[in-house]
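# Structural features, examined
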Amino acid sequence: MGLRQFVIDAWSWLNYKPVMADAGRPSSRAFPELAASWLPPHELRRLAAYKVLSSYDNNQAGQLAAAGGDESALERRELGDAANLVDTALGYLLGSDQQIAVAGAEHADEESPEPGAIEAAAVQERLRKWAEKELLSLRIQQAERTAALLGDGVYVLAWNPEKQRPTLQVEDPGFFFPQWDDDQDQDFPSRVHLAWELPEDEDAGLKARVRRVTYELGPISEDSSAVRHYPWEPGRASNVTCYLTDAEWLLEDLKRGQTLDRLPMHKAVFRVRADGTELNRLDLVIDFVPVIHLTNTIPGAGEHWGRSVLARVLQGLDELAATDSDSSAASATTGTPIIGLAGARLPVDRSGRPEKLKVEAGAVWQLGDSGRMDALDTSPQLAELRARVEHLLDRIAANSRITAAGLGTLDAAEVPSGYAFKLALAPLDALVGMMRLAREHKYRLLLKFVQRLYQAGRAEGWAAGESFSARLAWAPHTPTDRAAVLEEVVTAYGAGVISLETAVQMLLDAGYPIEDASQEVARIRVKAEQDAAMRLAENAARRQRDDDGDDDQDREDTRRAA
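Residues numbered from 1 in each chain as written. Predicted model: local features only at pLDDT ≥ 70, side-chain atom pairs only at ≥ 80, totals over all residues. Heavy atoms only, no water.

What follows is about a negative patch on the surface. The grouping of Glu200, Asp201, Glu202 and Asp203 at the surface amounts to a negative patch. Structurally, the position occupied by Glu202 is in the loop between β5 (191-198) and β6 (209-219). Accessibility expressed as a relative area gives 67% for Glu202, which makes it exposed. (Patch = residues over 30% accessible without salt bridge, like charges linked within 9 Å, V, L, I, M, F, W, Y side chains within 5 Å. Areas by Shrake-Rupley, 256 points an atom, 1.4 Å probe, with all protein chains shown as cover. Salt bridge = Lys/Arg side-chain N within 4 Å of Asp/Glu carboxyl O. Lys, Arg positive; Asp, Glu negative; His and termini not counted. Charge placed at Lys NZ, Arg CZ, Asp CG, Glu CD. Helix = DSSP H or I, 4+ residues; strand = E, 2+ residues; numbered from the N terminus. Buried < 20%, exposed > 50% of the residue type's maximum accessible area, 1.4 Å probe, protein only.)

What follows covers the packing of helix α3 (residues 81-94) against helix α5 (residues 136-150). The contact between α3 and α5 brings their axes to 9 Å, and the two run at 125°. One element, α3, and the other, α5, form an angle in the oblique class. Considering the relative orientation of α3 and α5, their crossing is right-handed. From α3, Ala83, Val86, Asp87, Leu90, Leu93 and Leu94 reach across to α5, where they touch Ile140, Gln141, Glu144, Arg145, Ala148 and Leu149. Taken together, the residues of the contact of α3 with α5 sort by class into eight nonpolar, one polar and three charged. (Axes fitted to C-alpha atoms, helices over the stretch in contact; angles between N-to-C directions. Parallel < 35°, antiparallel > 145°, perpendicular 65-115°, else oblique. Left-handed = near helix turned anticlockwise from the far one by under 90°. Contact = heavy atoms within 4.5 Å. Nonpolar A, V, L, I, M, F, W, Y, C, P; charged D, E, K, R; others polar.)

With that settled, consider the side chain of Asp318. By secondary structure assignment, the location of Asp318 is in helix α6 (residues 314-335). A distance of 2.6 Å separates the side chain of Asp318 from the side chain of Tyr16, its partner in a polar contact. At a separation of 3.2 Å, a polar atom in the side chain of Asp318 contacts the side chain of Lys17. Each residue touching Asp318, except ones within four places of it in the same chain, is listed here: Tyr16, Lys17, Tyr56 and Arg76. (Polar contact = N/O pair within 3.5 Å; in protein donor to acceptor, adjacent residues only side chain to side chain.)

Let us now look at the pairing of strand β15 (residues 470-474). When you tally the buried positions in β15, you get four out of five residues, the bulk of the element. Relative to β15, strand β1 (residues 98-102) is paired through five bridges, and the arrangement is antiparallel. Residue pairing across strands places Ala101 opposite Arg471, the latter belonging to β15. (Pairing = 2+ DSSP bridges.)

Quick look at the sheet that holds strand β2 (residues 152-160) now. With antiparallel pairing, three strands are arranged side by side in an open sheet as β3-β2-β12. The open sheet has two edge strands with one neighbour each: β3 (165-171) and β12 (291-295). The average undirected angle you get between the axes of adjacent strands in this sheet is 25°. With five bridges joining them, β2 and β12 adopt antiparallel strand pairing. Paired with Val156 across the bridge in β12 is Val291.

Our focus in this paragraph is the packing of α3 against helix α10 (residues 426-456). The geometry of α3 relative to α10 is characterised by a closest axis approach of 9 Å and an angle of 70° between their N-to-C directions. For the element pair α3 / α10, the angle class is roughly perpendicular. Contacts from Tyr92, Leu93 and Leu94 of α3 reach α10 at Leu428, Val432, Met435, Arg436 and Arg439. Residue composition of the contact of α3 with α10, by class: six nonpolar, no polar and two charged.

Counted at 1.5 Å a residue, the expected span for α10 with its 31 residues is 45 Å, and the 45 Å between its end C-alpha atoms agrees. Glu440 marks where α10 bends most, by close to 35°. Two residues or fewer after α10 comes Arg458, characterised by a positive phi angle close to 55°. (Expected span 1.5 Å × (residues − 1). Bend = angle between axes of the 7 residues up to and from the residue.)

Time to look at the nonpolar core. Formed by 110 residues in total, the largest nonpolar core has its most connected members in Trp38, Trp130, Tyr155, Leu157, Tyr215, Leu310 and Leu446. A total of 13 residues in this core trace back to one element, the largest contributor, which is α10. If we skip the residues at most four places from it in the chain, Leu446 touches Trp130, Tyr155, Leu157, Leu168 and Ile292. Val489, Ile498, Ala503 and Leu507 belong to the second-largest nonpolar core, a separate cluster that totals twelve residues. (Core = buried A, V, L, I, M, F, W, Y, C linked by side-chain atoms within 4.5 Å.)

Tallied over the entire structure, the rule returns eleven aromatic pairs. With a centroid separation of 4.5 Å and an interplanar angle of 0°, the aromatic rings of Tyr454 and Trp462 are classed as stacked. Residue Trp462 is classed as buried on the basis of its relative accessible area of 12%. In this structure an aromatic cluster arises from ring pairing among Tyr230, Trp232, Phe288 and Phe449. When the ring centre of Trp305 is taken as reference, the NZ or CZ atom of Arg46 above it lies at 4.1 Å. Residue placement shows Arg281 over the ring face of Tyr243; its charged tip is 4.1 Å from the ring centre. (Phe/Tyr/Trp six-rings, centres within 6.5 Å; stacked < 30°, edge-to-face > 60°. Lys NZ or Arg CZ within 6 Å of the ring centre and 35° of its normal.)

This part covers the pairing of β12. Counting buried residues along β12, five of its five residues qualify, which places the element largely inside the surrounding structure. Both faces of β12 are covered, namely the face carrying Val291, His293 and Thr295 and the face carrying Ile292 and Leu294.

This paragraph deals with the environment of Tyr230. If you trace the backbone, Tyr230 turns up in the loop between β7 (228-229) and β8 (237-238). A residue is classified by how much of its surface remains accessible, and Tyr230, at 3% relative accessible area, is buried. Once the C-alpha coordinates of Tyr230 and Gly465 are considered, the two residues, 235 residues apart in sequence, prove to be 9.2 Å apart. If sequence neighbours within four positions are ignored, Tyr230 has contacts with Ser238, Val240, Thr241, Val285, Ile286 and Asp287. Within the local environment of Tyr230, its side chain forms a polar contact with the side chain of Arg228, the two groups lying 3.3 Å apart.

With 17 residues, helix α4 (residues 117-133) extends 25 Å from end C-alpha to end C-alpha; this agrees with the ideal 24 Å at 1.5 Å per step. All of the buried residues along α4 are Ala117, Ala120, Val123, Gln124, Leu127, Trp130 and Ala131. End-on, the buried residues of α4 take up no more than an arc of 135°, which puts them together on one face. Residues Ile118, Glu132 and Lys133 are exposed on α4 and point more than 90 degrees away from its buried face. Looking at the buried positions of α4, the neighbouring elements they touch are β1, α5, β2, β3, α10 and β15. Immediately beyond the C-terminal end of α4, within one or two residues, lies Leu135, with a positive phi of roughly 55°. (Arc of directions from axis to C-beta.)

By the element assignment, Thr167 lies in strand β3. Residue classification places Thr167 among the buried residues on the basis of a relative accessible area of 16%. A sequence separation of 32 residues divides Thr167 from Leu135, and the C-alpha atoms of the two residues are 9.9 Å apart.

Here we come to the side chain of Thr214. Locating Thr214 in the fold gives a position in strand β6. A relative accessible area of 4% means that Thr214 is categorised as buried. A distance of 2.8 Å separates a polar atom in the side chain of Thr214 from a polar atom in the side chain of His193. Within the local environment of Thr214, its side chain forms a polar contact with the side chain of Arg212, the two groups lying 3.2 Å apart.

Right, here's the structure in full:
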């Protein structure tokens, strides 16, 4: 297999795998599709890492190891522990709900709203309607599970003139190839490729091809003299626009060295839109690349890629699968033990050879005077293997920071108090906080792009002006003590140390069924005004009755005196 190379990069935690031992080119036996000549060499380790992680998610890690030369790995038992780890982390990340919140919208229903609050509330309502039409919750589930498993996720936005709204698609990060230059912003590449192979279709008469969709920022005109005023930056002229190119190449036309960024344009077949427009450097009339790259974790300095939830515990999952396999073999010999017979008369077949005996209920073996039967007891080994499985599960839970409490394997009897349980969940809280922080800016960017695409498409109701600051608000990832939060809110609001808006937001974060904080605040204020008016009316009626009673008493006293 050759000597291993010591490499430290974003995927060096996979170096212990034989298929990843070669830093220059991963195993072509396990990943034959990575031998394609159009793939950039520096992207091969990333693509191979995605395939390794996908094999764990689909209980195929043993098959992958066998493809790399370990034939015994086909007997490995994989029981879905990797997928369960990913799904659990995803559930805590997303919480029970996600809401689009625009800064300032919560003050729109006040008696004297802050400047821009009414406009912010209108934009928030439009964005929420867009999210409902585009099935944003479903798209988030798709992209975030991919990000949690592979470390990266990709969104692509586009303006749909028929629907008159931006559309949102989730792409496989294995198709995502950003192009970074040394002299440009490392966070936002000016050119992005989405590329994949299309297999041969003999029935349709199509040969194997590679398709490449390219978004590229460039000058509006060749001499950079043309400028454009974009509606989201009024008063500022820009000479930059985004071009879209969608083309295909026959694999047989590509030669060695013609990688993804060097494909021969004279052999390209450009795709055509439904309206007949050829997608060859089509001007999208926007000054940004509508592709958002999510990372599961905060990348290190100089890195661009995230890290999978499984990254730190992959070897633990291998150990767990091996122990499960050994435990299964041990349980077979415990339930049906191996028995040694001495001095027994064994039945013979027609050829005179002793027949093989089977351990089954009702079997009777005749032994001689000195006969003996010994059974191999493997129950102690089975108990040890089961204890090792529990140890590995605890180790995986701890090192992944999901914790045994987060996985639901913590025995309630081991938790002396609610405070101790909260401490047990502290690593999970930190993990979810880090994952949400890694996504905070990307979702703000996505919602900003949605507003700009509406403006570029001249959609009704979207006037020119700077984009509003919108974010994705996550629900709590762990259950909260509603009674304690309610008592805290009532005490703090009654003492005047927090505003009504803050009090309602605290109840919303605690999981109370409040759909919109600003509307709830308005309803509370209306109810308070109605109650105050009713109390005033009751007080006035009471005073009137008291005054009438006093007048009657005076008349009665006067009559008696007369």
